[in-house]
Amino acid sequence: QKEVEQNSGPLSVPEGAIASLNCTYSDRGSQSFFWYRQYSGKSPELIMFIYSNGDKEDGRFTAQLNKASQYVSLLIRDSQPSDSATYLCAVNMNSRGYSTLTFGKGTMLLVSP
Amino acid sequence: GAGVSQSPRYKVAKRGQDVALRCDPISGHVSLFWYQQALGQGPEFLTYFQNEAQLDKSGLPSDRFFAERPEGSVSTLKIQRTQQEDSAVYLCASSGQQGNTIYFGEGSWLTVV
């Protein structure tokens, strides 16, 4: 089992809809969780991070964390065509004694006009 | 500098050739990471530096891969006798002492022909 799992997609949503991206992780000791957006041919760009159970909102983005279920999600409200990209879930695996990120494969999101 | 800077952005190497990829992290960032991202995959951890010390090189795929950060700032990833399977984007990232947030450079795109 991979340490961080994501559905590769593509996830297709119409403009203005809510896009829901999901991620599960295997290490129960993980403390922090990150969502990166990656446009084709570009490097990952940090969107949000979350440490505590529950929801964290930033503009049109909401990150949700459920540590008991080892599940983290990203909701994008009022999706725009410019949101079309691959979304990478990353988990801080501090088990090495320092902070580094383990990534999922990413979910491709396509927002149609 | 303002962000993580990598060079060259694009490199085409003939099989068997040695390559060197450079990373200039965000000024003052203690931690520096190298990741490898193959097409359609998430970034995979290669190695980690804290200042000039290479604390983890468990992700380096073979002894043809070597990384250094002699003065605790700029880092170089060297790949000897390149093979076709080395074709990927090599991402450098850095983070500060306080936080977990890791920032990526634009990547070096390596194609081995």
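Please refer to the structure higher up on the page.
Everything numeric here is computed off the predicted structure, so don't read it as measured data. (Residues numbered from 1 in each chain as written. Chains lettered and ligands numbered in written order. Predicted model: local features only at pLDDT ≥ 70, side-chain atom pairs only at ≥ 80, totals over all residues. Heavy atoms only, no water.)

Caption draft 1: The overall build of chain B, seen in detail. The secondary structure content of chain B amounts to 0 helices and 11 strands. Helices and strands in chain B line up, N terminus first, as β-β-β-β-β-β-β-β-β-β-β. Compactness check: chain B gives a C-alpha radius of gyration of 13 Å against a globular reference of 13 Å for 113 residues, within 12% of the reference. Overall, the C-alpha framework of chain B stretches about 40 × 25 × 20 Å when taken along its three principal axes. A total of 113 residues make up chain B; the buried ones form 47% of that total. Partitioning the intrachain contacts of chain B with sequence separation of at least 6 by distance along the chain shows that 52% fall at a separation of at least 24. When the accessible surface of chain B is totalled, it reaches about 5,500 Å², and 46% of it is carbon and sulfur. Computed over 10 positive and 11 negative side-chain charges, the separation of the two mean positions in chain B equals 7 Å. (Helix = DSSP H or I, 4+ residues; strand = E, 2+ residues; numbered from the N terminus. Rg over C-alpha atoms; globule rule 2.2 N^0.38 Å. Buried < 20%, exposed > 50% of the residue type's maximum accessible area, 1.4 Å probe, protein only. Contact = heavy atoms within 4.5 Å. Areas by Shrake-Rupley, 256 points an atom, 1.4 Å probe, with all protein chains shown as cover. Lys, Arg positive; Asp, Glu negative; His and termini not counted. Charge placed at Lys NZ, Arg CZ, Asp CG, Glu CD.)

Caption draft 2: Just the nonpolar core, in detail. Phe33, Trp35, Val72, Leu74, Ile76, Tyr87 and Leu109 of chain A are the most contacted members of the largest nonpolar core, which has 24 residues in total. Leave out the neighbours within four places in its chain, and Leu74 of chain A touches Ala19, Ser20, Leu21, Trp35, Ile47, Met48, Phe61, Thr62, Ala63 and Tyr87 of chain A. Val19, Leu21, Phe49 and Cys92 of chain B belong to the second largest nonpolar core, which has 20 residues in total. (Core = buried A, V, L, I, M, F, W, Y, C linked by side-chain atoms within 4.5 Å.)

Caption draft 3: Local environment of the side chain of Arg69 of chain B. Residue and element names in this part refer to chain B. With respect to the helices and strands, Arg69 occurs in the loop between β7 (65–68) and β8 (75–79). Buried and without a salt bridge, Arg69 has Glu52 as its closest oppositely charged side chain, separated by 7.1 Å. Within the local environment of Arg69, its side chain forms a polar contact with the backbone oxygen of Gly72, the two atoms lying 3.0 Å apart. Looking at Arg69, its side chain comes within polar contact range of the main-chain oxygen of Ser73, at 2.8 Å. (Salt bridge = Lys/Arg side-chain N within 4 Å of Asp/Glu carboxyl O. Polar contact = N/O pair within 3.5 Å; in protein donor to acceptor, adjacent residues only side chain to side chain.)

Caption draft 4: Structural view of the interface of chain B and chain A. On the side of chain A, 22 residues touch chain B, which itself brings 21 residues to the contact. When chain B packs against chain A, close to 1,700 Å² is buried across both sides, 50% of that on carbon and sulfur atoms. Across the chain B-chain A interface, the total number found is 0 salt bridges. There are 4 residue pairs in polar contact (both at pLDDT 80 or more) connecting chain B and chain A. When contributions to the side of chain B that touches chain A are tallied by element, the ones reaching two or more residues are β4 (31–37) and β5 (44–50) of chain B. For the side of chain B that touches chain A, a count of residues per class yields 9 nonpolar, 8 polar and 4 charged. (Buried area = accessible area lost by both parts, 1.4 Å probe. Nonpolar A, V, L, I, M, F, W, Y, C, P; charged D, E, K, R; others polar.)

Caption draft 5: Spatial organisation of the sheet that holds strand β1 (residues 5–7) of chain B. All names here are of chain B. With antiparallel pairing, 4 strands are arranged side by side in an open sheet as β1-β3-β8-β7. Every interior strand has two partners, whereas the edge strands, β1 and β7, have only one. Strand-to-strand twist across the sheet, computed as the mean angle between neighbouring axes with direction ignored, equals 15°. Bridge count for β7 against β8 is 4 bridges, and the pairing is antiparallel. Opposite Phe66, over in β8, you have Lys78 as the bridge partner. (Pairing = 2+ DSSP bridges. Axes fitted to C-alpha atoms, helices over the stretch in contact; angles between N-to-C directions.)

Caption draft 6: A look at the state of the cysteines. Residues and elements named next belong to chain A. Applying the stated rule across the entire model yields 2 disulfides over all chains. Disulfide pairing places Cys23 opposite Cys89 at an S-S distance of 2.1 Å. Taking the torsion about the S-S bond as the criterion, the Cys23 to Cys89 disulfide, at about -70°, is left-handed. Of the two residues, Cys23 sits in strand β3 (residues 19–25) while Cys89 sits in strand β9 (residues 85–92), which places them 66 residues apart along the sequence. (Disulfide = S-S within 2.5 Å.)

Caption draft 7: Region of the structure containing the pattern of salt bridges. Residues and elements named next belong to chain B. Using the criterion set out here, one finds 6 salt bridges over all chains in the structure. Notably, a salt bridge pairs Arg22 with Asp24, separated by 3.9 Å at the nearest N-O pair. In this structure, Asp86 engages Arg64 in a salt bridge whose closest nitrogen and oxygen atoms are separated by 2.8 Å. Here Asp86 is found in the loop between β8 and β9 (88–95), whereas its partner Arg64 is found in the loop between β6 (53–56) and β7, with 22 residues between them in sequence.

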